[in-house]
Amino acid sequence: MQLILLFIAAVSAALASNVVDLDASNFDSVVNGDKSAFVEFYAPWCGHCKALAPEYEKVADAFVRESDRVVIAKVDADKEKDLAKRFGVTGYPTLKFFVKGSTEPEAYNGGRTADDIVKFVNEKSGARGFIKKAASNVVDLDESNFDSIALDSNKDVLVEFYAPWCGHCKRLAPTYEKVGAAFKNDANCVVAKVDADGHKELGSRFGVSGFPTLKFFPKSNKEESYSGGRDEQDFINFLNDKCGLHRTSGGGLSEKAGRSDELDALAVKFMASSDRAAVIEEASKATADLDKLSQYYVKVMQKVQDKGDGFIETESERLGRMLEGSISDDKKDQFLIRKNILGAFASPSAHNEL
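Residues numbered from 1 in each chain as written. Predicted model: local features only at pLDDT ≥ 70, side-chain atom pairs only at ≥ 80, totals over all residues. Heavy atoms only, no water.

(A) A look at the state of the cysteines. Counted according to the given criterion, the structure contains 1 disulfide. Sulfur-sulfur distance for the disulfide between Cys189 and Cys243 comes to 2.2 Å. Classification of the bridge connecting Cys189 and Cys243 rests on its S-S torsion, roughly 70°, and on that basis the disulfide is right-handed. Highlighted residues: Cys189 in strand S8 (residues 189-195) and Cys243 in helix H9 (residues 232-243), separated in sequence by 54 residues. Overall, Cys189 belongs to the buried group, its relative accessible area being 3%. (Disulfide = S-S within 2.5 Å. Helix = DSSP H or I, 4+ residues; strand = E, 2+ residues; numbered from the N terminus. Buried < 20%, exposed > 50% of the residue type's maximum accessible area, 1.4 Å probe, protein only.)

(B) How the structure looks around the packing of aromatic side chains. Applying the stated criterion to the full structure yields 23 aromatic pairs. With centroids separated by 5.7 Å and ring planes inclined at 90°, the aromatic side chains of Trp165 and Phe211 adopt a geometry described as edge-to-face. Here Trp165, found in the loop between strand S7 (156-162) and helix H7 (167-182), pairs with Phe211, found in the loop between helix H8 (200-205) and strand S9 (213-217); they are 46 residues apart in sequence, far enough to count as distant. Between Tyr226 and Phe235, the ring centres sit 5.0 Å apart and the planes meet at 25°, which makes this aromatic pair stacked. Put simply, the rings of Phe38, Tyr56, Phe97, Tyr108 and Phe120 touch in pairs and so form one group of aromatic residues. Of note, Arg276 hangs over the ring of Phe270, and the distance from its end group to the ring centre comes to 4.8 Å. (Phe/Tyr/Trp six-rings, centres within 6.5 Å; stacked < 30°, edge-to-face > 60°. Lys NZ or Arg CZ within 6 Å of the ring centre and 35° of its normal.)

Dropping the structure here:
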């Protein structure tokens, strides 16, 4: 049963492909000069061919709407030895481009990413193929924006220098994407990446000699190498420490977010004081130059003074209900921080339970 399911899955995958399979029976009828053709001569056992395969599928998908102008195809040159000999194929993969109006190819020696190949085919054929990019929370860097982002004195930036063909980079990619998602709401704590194989000058500039190489560019612009663990939590811990944040996996906030030892002490003092007005005045002075969320400590004190101690529990429950609803990321952060601050005003027994 398992073998049948695997066979069905393989057939389904093949049927879903937009890469045209060529052999001796159809090569000349497909690559006949009516349209441009980009052809990969591969061998099923070839490691480089296997690495190229997912990128090549993206290339084919990019030209689905340009099928009247371009065909993206492949030949099993290990099986079709006569075709391989005819076109001088001696290694795998060999990539050749047949411009419209000709059945004589030119060798393709460019990059092996889908972007590289699509750009080449567009330039040669006049087609307008494009790759649909999945939404990402990792910022793509190149020569045009590297300095303005990674060297921005207002930002802390973690940068992965990678190569599209690098196996370690491919394995890191889903984890790194999760890290980007965790910090997507922090404009000044940036998770970024640069194709250092396609942008060799940037790789050389920062001494990149292997992939992936991770470097951290703090606000001080004193670049440092990242040599920590490669798990999601390792990166999150590192960036929380460097950026002064309290992010959790998925983009949430820990219970420490928005809290201050000094202001927490004032919250405890306020709840125990017989002269709460004096503590409110003290807290107002302490938060005068701080952000609005820090000033929420004072607002809570004023509300408790006006509505009674029950405000703490009532407001915390209200925020909890709002957090369960559909709200923006910014609002979620604000409500989580407010809920955290309310925890500082809870009774000692309740506080220990938080």
